[in-house]
Amino acid sequence: MGRVNHGVRNAVQWVLLFAMAAVLESAFFRVRTPAPGGSFNAPDATRILFLHVPCAELCTLGFVTALVFGLLYLRTRDPKHDARSLVAARLGLLFGGLALLMGMAWANVEWGAPWNWDPRQTGLALALMFYAAYLALRGAVEDPERQGTLAAVYAALACPAALFFIFGLPYYLPGSLHLKPGEVRLSPEFRTTMFASMICFVAVFIWLHALETRLTLLSWRRAGRLER
């Protein structure tokens, strides 16, 4: 059974690799960029959106996943849920940081400067600070059970705040440079490739979350934090 499961995992990983390669090849070499004079000031730079937008979505997915597993840990006290929550927060920070960096590169071309104090741009930066503090909190507490409890409570408070900063702040603060959904004119092939890219990135997130969780639990067992 172990060999079968290992073979299935390998097959899934190869399928994911080829799917991601196909999406990126289509995004950067096949999809036509929006026509000049449309929704974007620099249409040729829109290809970065095939990476920027999925990374931003995975940032949100990571924070929500960390909240869910944090609440499960508070209910069950199962260290595996604590590990899953921790890994999800790490991935949310990773993909959020990538989204912010790519967003700055996009802003430099599209809006003339890498940082414009755009509400969505600023909100994402604030959300990342919240979860950097989450990791700092975990590192400051040595007792595993107390660490997991405090981290879960923090995630329960940080996730709604982060979602507000990312999605709510642009609606309360005027002057956002981001286009609203109804203002963006994209071709069907552009939208289809964007959707495919997001699906592939979600699959990558799931794979990385499972892999990193196994590694985290293994390190905890070696450190005597978990029973063998």
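Residues numbered from 1 in each chain as written. Predicted model: local features only at pLDDT ≥ 70, side-chain atom pairs only at ≥ 80, totals over all residues. Heavy atoms only, no water.

Caption draft 1: Spotlight on the overall build of the protein chain. Helix and strand counts for the protein chain stand at 6 helices and 0 strands. Each helix and strand of the protein chain, placed in order from N terminus to C terminus, yields the pattern α-α-α-α-α-α. Dimensions of the protein chain, computed from C-alpha atoms along their principal axes, come out at roughly 60 × 45 × 25 Å. In the protein chain, which comprises 228 residues, the proportion classed as buried is 39%. The contacts in the protein chain between residues at least 6 apart in sequence include a share of 77% that link residues at least 24 apart. As presented, the protein chain carries roughly 12700 Å² of accessible surface, and 67% of it is formed by carbon and sulfur atoms. Of the side-chain charges in the protein chain, 21 are positive and 14 negative, and the distance between the mean point of each set is 7 Å. (Helix = DSSP H or I, 4+ residues; strand = E, 2+ residues; numbered from the N terminus. Buried < 20%, exposed > 50% of the residue type's maximum accessible area, 1.4 Å probe, protein only. Contact = heavy atoms within 4.5 Å. Areas by Shrake-Rupley, 256 points an atom, 1.4 Å probe, with all protein chains shown as cover. Lys, Arg positive; Asp, Glu negative; His and termini not counted. Charge placed at Lys NZ, Arg CZ, Asp CG, Glu CD.)

Caption draft 2: Inspection of the nonpolar core at higher detail. Within the largest apolar cluster, 39 residues are counted, with the highest numbers of intra-cluster contacts made by Phe63, Phe95, Leu124, Leu128, Tyr131 and Tyr134. Looking at this core, the elements with two or more residues in it are helix H1 (2–30), helix H2 (49–76), helix H3 (79–110), helix H4 (119–140), helix H5 (144–172) and helix H6 (188–222). Not counting residues up to four positions away in its chain, the partners in contact with tyrosine 134 are Ser85, Leu86, Ala89, Ala151, Tyr154 and Ala155. Ala27, Val31, Phe40 and Phe190 belong to the second-largest nonpolar core, a separate cluster that totals 8 residues. (Core = buried A, V, L, I, M, F, W, Y, C linked by side-chain atoms within 4.5 Å.)

Caption draft 3: Seen up close, the confidence of the model for the protein chain. Looking at the protein chain, the pLDDT average stands at 89 and 93% of residues meet or exceed 70. Ranking the elements of the protein chain by mean pLDDT puts H1 last with 80 and H2 first with 96. (pLDDT = per-residue confidence, 0-100.)

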